[in-house]
Amino acid sequence: MTPVARPEPRVARPLVVAASPHLKGRDSVPTIMWNVVGSLVPIIAAATWFFGPSALFVIGASALGALGTERVLGRSPSSPRSRWGSIADGSAAITGILLGLTLPAGMPLWMAFIGGAFAIGFGKLLFGGIGYNIFNPALLGRAFLMAAFPVATTTWPAAAGAGASWWSLRGDNFALPLLTARATDAITAATPLNLMKFEHKGTALLDLVLGTTGGSLGETAGLLILLCGAYLAWRGFLNWRIPASILATVAAVAALLHSIDAGRYPSASFMLFSGGIMLGAVYMATDPVTAPVTNAGRWVFGVGVGLLVVVIRIWGGLPEGVMYAILLMNALVPFLNRATQPRVFGTRVAREGAP
């Protein structure tokens, strides 16, 4: 007699109770982060074209400081079994690269490394890791370098073609830590913002658009940065409302002031293509962790950043104001989220004194 196979008893699966949202998108955090890193490659290439190998050295040092600190101190709750740890999600790489793009090409590498380590350690991990930081880590790292090493952070080498060979270093990149830098043959140049603020001299619009001016590594090829940002917006990896509101506010206020006194206030095109406004608007202000979560809040956030940039550039003591504008608005994000929180569907707005 052939034995009859009995079906295995069904084991009831435990009910998993988790917080919303319960729908998972196609794109994970590592997918988004590494797409952002990929979009930065053309900008790094442009910086290397204009500033030679020093650009790669500075960006590499800041990225190494960020990745090293993340690898040693960070934890990855999304992929705890990954042998690469929390650096696998790509967020530390973005922080290190963006920090490097805010620095001059002649920055000593040990300073850039410390800046990357500070950005991750104090700008991200101190708050609890990815998703918990209040301020943009890359800008917080640059603020630290600005306070600790103001001379090195504000010494701007000239771009290639201004009397310097492409292969020559733009400063004492390999200076030993905590020692006085050696004298170098690097050619320095004032940034367009410095020329406008302190010498009241303009810069050709074509040079501003193409990036053939002195400044940080990320102040190159504003059109290229916009194209890379358009790719990220098309993929849904950044919210277009933030850069649009920042750039529109800067352009509108600058155009208004320029119409009042053209000899004193720069034009809208100069304000848009000079300094780090493009890099800050596209890559730093749009950080999903430190930006508002509501569309109304994003518009207010962008307008606030744009106004602060113009105010600091024109009436402040510094020629550039993108870093401080974004950091100040980062501090207001919790209030913007609360003030612009939409009404829950099916409920009424609570009135003061109502039962």
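Going by the structure above, here's the rest.
Our subject in this report is the structure included herewith. Being a predicted model, the structure only gives us computed values, none of them experimental. (Residues numbered from 1 in each chain as written. Predicted model: local features only at pLDDT ≥ 70, side-chain atom pairs only at ≥ 80, totals over all residues. Heavy atoms only, no water.)

### Digging into the packing of helix α2 (residues 53-73) against helix α4 (residues 109-123)
- Two elements in contact, α2 and α4, have axes separated by 7 Å at closest approach and are oriented at 35°. α4 is crossed by α2, and the crossing has right-handed handedness. For the pair α2 and α4, the contacting residues are Phe 57, Val 58, Ala 61, Ser 62, Leu 64, Gly 65, Ala 66, Thr 69 and Glu 70 in the first and Leu 109, Ala 112, Phe 113, Gly 116, Ala 117, Ile 120 and Gly 121 in the second.
- In terms of residue class, the contact of α2 with α4 is built from ten nonpolar, five polar and one charged. (Axes fitted to C-alpha atoms, helices over the stretch in contact; angles between N-to-C directions. Helix = DSSP H or I, 4+ residues; strand = E, 2+ residues; numbered from the N terminus. Left-handed = near helix turned anticlockwise from the far one by under 90°. Contact = heavy atoms within 4.5 Å. Nonpolar A, V, L, I, M, F, W, Y, C, P; charged D, E, K, R; others polar.)

### Thoughts on a nonpolar patch on the surface
- A surface patch of nonpolar side chains, amounting to about 360 Å² of accessible area, comprises Leu 56, Phe 57, Leu 169 and Phe 174.
- By the element assignment, Leu 56 lies in helix α2.
- Its relative accessible area of 45% is what places Leu 56 among the partly exposed residues. (Patch = residues over 30% accessible without salt bridge, like charges linked within 9 Å, V, L, I, M, F, W, Y side chains within 5 Å. Areas by Shrake-Rupley, 256 points an atom, 1.4 Å probe, with all protein chains shown as cover. Salt bridge = Lys/Arg side-chain N within 4 Å of Asp/Glu carboxyl O. Buried < 20%, exposed > 50% of the residue type's maximum accessible area, 1.4 Å probe, protein only.)

### Details of the nonpolar core
- The biggest cluster of nonpolar side chains holds 78 residues, and the ones touching the most others in it are Leu 98, Leu 101, Leu 217, Ile 277, Tyr 283, Phe 301 and Val 305.
- Discounting chain neighbours no more than four positions away, the residues touching Leu 217 are Ala 47, Phe 51, Ala 55, Val 58, Ile 59, Gly 100, Leu 101, Leu 103 and Ala 105. (Core = buried A, V, L, I, M, F, W, Y, C linked by side-chain atoms within 4.5 Å.)

### Brief notes about helix α5 (residues 137-148)
- Here α5 spans 16 Å end to end across twelve residues, near enough to the 16 Å set by a 1.5 Å rise per residue.
- What α5 keeps buried is the set Pro 137, Ala 138, Leu 139, Gly 141, Arg 142, Leu 145 and Met 146.
- Looking at the buried residues of α5, the elements they touch are α3 (91-101), α4, α6 (150-153), α12 (277-284) and α14 (322-339).
- Its side-chain oxygen placed 3.1 Å from the backbone nitrogen of Ala 138, Asn 136 serves as the N-cap of α5. (Expected span 1.5 Å × (residues − 1). Polar contact = N/O pair within 3.5 Å; in protein donor to acceptor, adjacent residues only side chain to side chain.)

### A short note on the layout of surface pockets
- Estimates place the volume of the second largest pocket at around 420 Å³.
- Around the second largest pocket, the lining is made up of 22 residues, and of these Arg 142, Trp 156, Glu 219, Glu 320 and Gly 321 lie nearest the centre.
- Put simply, the parts of the chain that give the lining of the second largest pocket at least two residues each are α5, α7 (192-198), α12 and α14.
- Looking at side-chain class alone, the lining of the second largest pocket contains eleven nonpolar, eight polar and three charged residues. (1 Å grid on protein atoms, 1.4 Å probe; cavity = no way out; pocket = protein on both sides within 12 Å on 5 of 7 lines; lining within 4 Å. Points joined across faces, edges and corners; volume = space filled by probe spheres on them.)

### Side note on the pattern of salt bridges
- Throughout the structure, instances matching the rule amount to two salt bridges.
- A salt bridge links Glu 70 to Lys 124; the nearest nitrogen and oxygen atoms lie 3.1 Å apart. With a gap of 54 residues between them, Glu 70 in helix α2 and Lys 124 in the loop between α4 and α5 connect regions that are remote in the sequence. Pair check on accessibility: Glu 70 and Lys 124 agree, each one buried.
- In this structure, Glu 320 engages Arg 313 in a salt bridge whose closest nitrogen and oxygen atoms are separated by 2.9 Å.
- Using a relative accessible area of 22% as the deciding quantity, one classes Glu 320 as partly exposed.
- A residue is classified by how much of its surface remains accessible, and Arg 313, at 5% relative accessible area, is buried.

### Here's the deal with empty space enclosed by the protein
- Under the definition given, this model contains two cavities of 30 Å³ or more.
- Looking at the largest cavity, it is lined by 23 residues, and the ones nearest its centre are Met 33, Ile 94, Tyr 283, Asp 287 and Pro 288.
- Taken together, the elements giving at least two residues each to the lining of the largest cavity come down to α1 (29-51), α3, α5 and α12.
- Considering only residue class, the lining of the largest cavity consists of 15 nonpolar, six polar and two charged.
- Along the wall of the second largest cavity there are 15 residues; nearest its centre are Glu 219, Thr 220, Gly 222, Phe 273 and Gly 275.
- Listing elements by their share of the lining of the second largest cavity, those giving two or more residues are α9 (222-235), α11 (268-273) and α12.
- The residue makeup of the lining of the second largest cavity, split by class, is seven nonpolar, seven polar and one charged.

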